[in-house]
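This is what each chain is made of:
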Amino acid sequence: MATSVRAVSDGRPSGWRSKLYRLDTKASPYAYIAPFFLCFAAFGLFPLIYTGWLSLNRVQLGTSAHWVGLKNYTELWNNQFFWTALRNTFTLGLISTVPQLLMALGLAHLLNYRLKARGFFRVAVLAPYATSIAAASLVFVQLFNPDYGMINQLLGHLGVDPVQWSSSKWPAQIAISSIVTWRWTGYNALIYLAAMQAVPADLYEAAALDGASRWRQFLSVTIPSIRPTIFFTIIVSTIGATQLFGEPLIYGGNSSSGGSAHQYQTLSLYMYDKGWQVGELGQASAVAWVMLLILLLIGAVQLLVLRRNNNRRKLGG
């Protein structure tokens, strides 16, 4: 009796209270994160597994599934339109991501200085991101119209013949990439700006004392300091370029073919065409899984590059 009274008086739970306390301590964290995993399992993991199962079956809209194994993947391998869509996805991603990130770096570098009305400029560069894909795409469709568009009118004043921005491959892809660049440059610029403002001012002061110009400070101080952020934007932009869908769809007049010769049909458009225009859900699911594998491969390569650069920096330091 004396011992139990002493334990209670010391403020320490005993008996079943002690067991309940230990159970609460161990189980509470799992209970707190359980809603996320339940939602992920219902709306993320299950659709992913179900799509993988569909990719191994012959499924038409309104019909039952028939097991075909890897036949959907072999048909994709032998389908020239799939390879065309894959090449278009790569080229569109390249000509939209590289200029976008370079322009975002330049904008962030300018906004990092003490300019007048900096708040206005920061909001202004973010305005395109707040614009809907449909509105932005429709405006650019008018700008790049081969008959009365402003771009061809400006080129005509320079003595350049009208460009067929829809029927030709590279002009169409340049027009679509300009939509992507216009929408996402300001968003990435603000991410870079936030990273630049976290760079210690002592580094710039030391570089200025050594006689480094602003351009040299940007190359030798700013870029190395925000390198993880640059890799992050590269990964996110690559994922977005691989999933490019709305811009080419609206640019082509809500057609999933990507032009008369499929000159700007992306993998997402090809998947949509297979699933909802042709009605081959098994083929569309196979395309979805190919896109997932491509994204995982790109992410793994970029992660290896990032780790190698970090190891070099540690060894150099």
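Residues numbered from 1 in each chain as written. Predicted model: local features only at pLDDT ≥ 70, side-chain atom pairs only at ≥ 80, totals over all residues. Heavy atoms only, no water.

Caption draft 1: Geometry of the overall build of the protein chain. When helices and strands are counted, the protein chain shows 14 helices and 2 strands. In terms of C-alpha radius of gyration, the protein chain reaches 27 Å, well past the compact-globule figure of 20 Å for 317 residues. With respect to the principal axes defined by its C-alpha atoms, the protein chain has extents near 100 × 75 × 40 Å. Looking at the 317 residues of the protein chain, the share that counts as buried comes to 35%. In the protein chain, of all internal contacts separated by at least 6 residues, the share reaching a separation of at least 24 is 67%. When the accessible surface of the protein chain is split by element, carbon and sulfur atoms take 67% of a total near 19,400 Å². (Helix = DSSP H or I, 4+ residues; strand = E, 2+ residues; numbered from the N terminus. Rg over C-alpha atoms; globule rule 2.2 N^0.38 Å. Buried < 20%, exposed > 50% of the residue type's maximum accessible area, 1.4 Å probe, protein only. Contact = heavy atoms within 4.5 Å. Areas by Shrake-Rupley, 256 points an atom, 1.4 Å probe, with all protein chains shown as cover.)

Caption draft 2: Here's a closer look at the environment of Gln243. Position of Gln243 relative to the elements: it lies in the loop between α11 (227-242) and α12 (246-251). Leaving out residues up to four positions away in the same chain, Gln243 has contacts with Ser268, Met291 and Leu295.

Caption draft 3: Broad picture of the nonpolar core. Membership of the largest hydrophobic core comes to 18 residues, with the highest contact counts inside it found for Leu105, Tyr192, Met196 and Ile226. Sorting the residues of this core by element identifies α4 (80-111), α8 (169-197), α9 (201-209) and α10 (214-225) as the ones contributing at least two each. Those residues in contact with Leu105, other than ones at most four positions away along the chain, are Tyr192, Met196, Phe218, Ile223, Ile226 and Ile230. (Core = buried A, V, L, I, M, F, W, Y, C linked by side-chain atoms within 4.5 Å.)

Caption draft 4: Broad picture of the side chain of Glu247. In this fold, Glu247 is placed in helix α12. Beyond its immediate stretch of four places on either side in the chain, Glu247 contacts Ile133, Ser137, Ile176, Ile179, Val180 and Arg183.

Caption draft 5: A look at the packing of aromatic side chains. Considering all chains together, one arrives at 17 aromatic pairs under this definition. When the centroid spacing of 5.6 Å and the interplanar angle of 65 degrees are considered together, the rings of Phe120 and Phe121 count as edge-to-face. Through a chain of ring-to-ring contacts, three or more aromatic side chains come together here, namely Trp77, Phe82, Trp83 and Tyr270. (Phe/Tyr/Trp six-rings, centres within 6.5 Å; stacked < 30°, edge-to-face > 60°.)

Caption draft 6: Looking closely at the confidence of the model for the protein chain. For the protein chain, the average pLDDT comes to 87, and 94% of its residues sit at 70 or higher. In this model, residues 1-9 is a region of pLDDT below 50 whose contacts with residues beyond four sequence positions or in other chains number 1 contact. (pLDDT = per-residue confidence, 0-100.)

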